Amino acid sequence: MSNLKKGIWFPLSLVILITLIALWFPLKYGSDFLLNRALLREGVAENAQIYKKGILVNGKLIWTQQTKPSDEHVFIVKLSGQGGRENLCQFGVTQRLYDNSPLGIRIPVTFLPESPQRCKLSYSLPGSQSILIKGLALSAGMLLLALGSLFFIRHSHKKTGPGSSSQLTTAIKSEETPNCPECGIKMTEGYLPMGFGIHWRNINQPVAIPTIFSGLSGTVFWLKRPRLHGYHCEKCRIIIFKYGAEDKKRIIQ
């Protein structure tokens, strides 16, 4: 596998990871967002009586005084229904509300008239909906980022290279392709696409902290990616290249 093909796996994996994270939120909380929106638009508010309360364990409601913040605390309340019927509604609450609300007291609940079993605490709706909207907006932004990154990756791998030294940032002035200084065979002409720069230290200098501000001239990607003309010997793993700032008079765009 060539280095060009190897290099595509990391950005693709990153795009896939961003996409999965972005999709997780709407898949998990999308139904809550739709329910909140329906309750805010069409819901009816009522002071409902707490009928039962407990924590959910394997899908079953269990009454207990010993609870933890990680538990799923649940209230079941009685709603007045049409024709004197009573409807029961179940929803999650915080541990603090669970501990401070005995059975029989009334709390404000908003429910859908056509589906009374779909309800939530009235005063929690605006805040939770605001959080859900921000989460969905963030997910949408991440999906757009993933889509843009995917387009950039595809474009960068489909687009052909400069093709001639006139389109490179630098050019090695040589009439013939040089031979490898170790094995003596002809080297392959190409270029180095730069990113965060190449850092050079004399043999007696410390490493220090390499940054994009300490890279060699013309090797740092700011507005346009530098492409340094060079020659490569794959056998000996030697590259000869020329670095430096762009010569705008020579470069043909």
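Above this text is the structure in question.
Notes on the structure in this doc start here. (Residues numbered from 1 in each chain as written. Predicted model: local features only at pLDDT ≥ 70, side-chain atom pairs only at ≥ 80, totals over all residues. Heavy atoms only, no water.)

On the secondary structure map, Glu46 appears in strand E1 (residues 44–57). Put simply, Glu46 is tucked away with no salt bridge, and the nearest opposite charge, on Arg106, sits 5.4 Å away. If near-sequence neighbours (up to four positions away) are discounted, Glu46 is found in contact with Lys78, Leu79, Ser80, Ile107, Pro108, Val109 and Phe111. (Helix = DSSP H or I, 4+ residues; strand = E, 2+ residues; numbered from the N terminus. Buried < 20%, exposed > 50% of the residue type's maximum accessible area, 1.4 Å probe, protein only. Lys, Arg positive; Asp, Glu negative; His and termini not counted. Salt bridge = Lys/Arg side-chain N within 4 Å of Asp/Glu carboxyl O. Contact = heavy atoms within 4.5 Å.)

As a further point, take the nonpolar core. Counting residues in hydrophobic clusters, the biggest one holds 15 residues, and the most contacted among them are Phe75, Val77, Leu79, Phe91, Val93, Ile107 and Val109. For this core, the secondary structure elements donating two or more residues are E1, strand E3 (73–80), strand E4 (86–93), helix H2 (95–100), strand E5 (106–112) and strand E6 (115–121). For Ile107, the contacting residues outside a window of four places in its chain are Glu46, Asn47, Ala48, Ile50, Phe75, Val77, Phe91 and Leu121. Counting residues in hydrophobic clusters, the runner-up holds six residues, among them Cys180, Met187, Cys233 and Ile238. (Core = buried A, V, L, I, M, F, W, Y, C linked by side-chain atoms within 4.5 Å.)

Taken as a whole, this structure holds one disulfide when the rule is applied. Sulfur-sulfur distance for the disulfide between Cys89 and Cys119 comes to 1.4 Å. Judged by the sign of its S-S torsion, about -100°, the bond between Cys89 and Cys119 is left-handed. A residue pair is termed long-range when its members are at least 10 positions apart, and Cys89 in strand E4 and Cys119 in strand E6 qualify at 30 residues. One exposure class covers both Cys89 and Cys119, and it is buried. Free of any disulfide, Cys180 has its nearest neighbouring cysteine sulfur in Cys233, separated by 3.6 Å. On the basis of relative accessibility, which here comes to 4%, the residue Cys180 falls in the buried class. (Disulfide = S-S within 2.5 Å.)

For the rest of this paragraph, the subject is the side chain of Ser139. When you line up the elements, Ser139 lands in helix H3 (residues 125–158). With relative accessibility at 5%, the residue Ser139 sits in the buried group. Among residues more than four places away in sequence, those in contact with Ser139 are Ala22, Phe25 and Pro26.

Of all eight residues that make up E3, six are buried, and the element is covered over most of its length. Both E3 and E4 contribute to a ladder of eight bridges, which runs antiparallel. Residue pairing for E4: Val74 is matched across the bridge by Gly92. (Pairing = 2+ DSSP bridges.)

For the rest of this paragraph, the subject is the environment of Arg154. Position of Arg154 among the secondary structure elements: in helix H3. Sequence separation between Arg154 and Ile209 is 55 residues, and the spatial gap between their C-alpha atoms is 33 Å.

Burial runs high along E6: five of the seven residues are buried. As paired strands, E5 and E6 are joined by four bridges and run antiparallel to one another. Bridging from a neighbouring strand, Leu112 pairs with Ser115 of E6. Counting the residues that bridge the hairpin from E5 to E6 gives two residues.

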